[in-house]
Amino acid sequence: MKITVQSIGLTPHEPLESHIEKKVSKLDTFYDKIQECKVFLKVENNADKINKTSEIILVVPGDDIVVKKTCITFEESLDLCVDTAKKLLIKKKELA
């Protein structure tokens, strides 16, 4: 699985990049037909503390899986995205 990280308005530091790599690579264990994973990181332009958005797009045969979450930290929003993507992949595998 090819993992692409794109950040809008920020430069991800090394611990964040390794966190993304570690979390996203585990998704392969739930569904082995993932061709590509695109991760988008963005700081929302609002006064709220909850302004770090992570979006994961999983390119799979059929419909792509898209998950987007906003939290206080990128790590937290990424964890929520991965958890949701994991559930969707399990459901997709059961229906296949």
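Up top is the structure these notes are about.
Fair warning: this is a prediction, and the values are worked out from it, not measured in the lab. (Residues numbered from 1 in each chain as written. Predicted model: local features only at pLDDT ≥ 70, side-chain atom pairs only at ≥ 80, totals over all residues. Heavy atoms only, no water.)

### A few points about the side chain of Glu 55
So, step 1. Here Glu 55 is to be found in strand β3 (residues 52–59).
So, step 2. Ignoring anything within four residues of it in the chain, the contact list for Glu 55 reads Lys 38, Val 39, Phe 40, Val 66, Val 67 and Lys 68. (Helix = DSSP H or I, 4+ residues; strand = E, 2+ residues; numbered from the N terminus. Contact = heavy atoms within 4.5 Å.)

### Points about the packing of helix α1 (residues 14–25) against helix α2 (residues 74–95)
So, step 1. Packing of α1 against α2 leaves a shortest axis separation of 10 Å and a crossing angle of 10°. The pairing of α1 with α2 is recorded here as roughly parallel in orientation. Residues Leu 16, His 19, Ile 20, Lys 23 and Val 24 of α1 lie in contact with α2, whose contacting residues are Phe 74, Glu 75, Leu 78, Asp 79 and Val 82.
So, step 2. Split into classes, the residues belonging to the contact of α1 with α2 amount to 6 nonpolar, 1 polar and 3 charged. (Axes fitted to C-alpha atoms, helices over the stretch in contact; angles between N-to-C directions. Parallel < 35°, antiparallel > 145°, perpendicular 65-115°, else oblique. Nonpolar A, V, L, I, M, F, W, Y, C, P; charged D, E, K, R; others polar.)

### Quick look at the sheet that holds strand β2 (residues 36–43)
So, step 1. Taken in spatial order, the 4 strands of this open sheet run β1-β2-β3-β4, and their pairing is mixed. Edge positions in the open sheet fall to β1 (2–8) and β4 (65–71), since each of these has one partner strand only. Taking each pair of neighbouring strands and ignoring which way they run, the sheet shows an average axis angle of 15°.
So, step 2. Here 7 bridges tie β3 to β4, and the two strands are oriented antiparallel to one another. The residue of β4 that forms the bridge with Ile 56 is Val 67.
So, step 3. Against the sheet, α1 engages β1, β2 and β3, with an angle of about 140° to β2.
So, step 4. Here α2 sits on the sheet in contact with β2, β3 and β4, set at roughly 150° to β4. (Pairing = 2+ DSSP bridges.)

Structural measurements only, silent on function.
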